[in-house]
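Below are the chains, spelled out letter by letter.
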Amino acid sequence: MIAAAVTLGLFWLILALVVDVMWRDGAKVLAALEGRSWTASPTHGRPVTIRFSRAGWVSKATPMTPALRAAA
């Protein structure tokens, strides 16, 4: 009797989780089942500008001892 109650409780928990996921993300799940990517659809928003700065890319020479230079 206890095993049946535990099994029914487990089934109820799984069903509640599936219903919750479908309630929140049902459109994503259906799109995935149809073979469409939810993230590949275009979104409308402002264009983004990315700027790169070369100031931080300057490499500095590492001071080496003469013994290490000879080994190289």
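Further up the page is the structure itself.
Since this is a predicted model, take the numbers as computed values, not measurements.

Student: Any details on the overall build of the protein chain? Residues and values, ideally.
Tutor: A tally of regular secondary structure across the protein chain gives two helices and zero strands. Buried residues in the protein chain amount to 3% of all 72 residues. Surface summary for the protein chain: the accessible area is close to 7500 Å², and the carbon and sulfur share equals 68%.

Student: Residue-level account of helix H1 (residues 2-33), with values.
Tutor: Here H1 contains 32 residues, and its C-alpha end-to-end distance of 37 Å is more than 12% below the 46 Å for a straight helix at 1.5 Å per residue. Taken as a whole, H1 carries its principal kink of about 90° at Asp25. Gly35 sits one or two residues past H1 and shows a positive phi near 90°.

Student: Tell me about the pattern of salt bridges, and name the residues and values.
Tutor: Throughout the structure, instances matching the rule amount to two salt bridges. For Arg24, the salt bridge is made with Asp20, and the minimal N-O distance between the two is 3.4 Å. Here Arg24 pairs with Asp20, and both are found in helix H1, just four residues apart, close to one helical turn. Look at Arg24 and you get exposed, because its relative accessible area is 54%. A relative accessible area of 36% places Asp20 in the partly exposed class. Here Glu34 ties to Arg36 by a salt bridge, and the two come within 2.7 Å at their closest N and O atoms. Take Glu34 and Arg36: they sit in the same class, and that class is exposed.

Student: Which residues make up a nonpolar patch on the surface, and what values do they have?
Tutor: Among the surface-exposed residues, Leu8, Leu10, Phe11, Trp12, Leu13, Ile14, Leu17, Val18, Met22, Leu30 and Leu33 lie close enough to one another that they form a single nonpolar patch of about 1200 Å² accessible area. Structurally, Leu30 can be placed in helix H1.

Criteria and thresholds
- Residues numbered from 1 in each chain as written.
- Predicted model: local features only at pLDDT ≥ 70, side-chain atom pairs only at ≥ 80, totals over all residues.
- Heavy atoms only, no water.
- Helix = DSSP H or I, 4+ residues; strand = E, 2+ residues; numbered from the N terminus.
- Buried < 20%, exposed > 50% of the residue type's maximum accessible area, 1.4 Å probe, protein only.
- Areas by Shrake-Rupley, 256 points an atom, 1.4 Å probe, with all protein chains shown as cover.
- Expected span 1.5 Å × (residues − 1).
- Bend = angle between axes of the 7 residues up to and from the residue.
- Salt bridge = Lys/Arg side-chain N within 4 Å of Asp/Glu carboxyl O.
- Patch = residues over 30% accessible without salt bridge, like charges linked within 9 Å, V, L, I, M, F, W, Y side chains within 5 Å.

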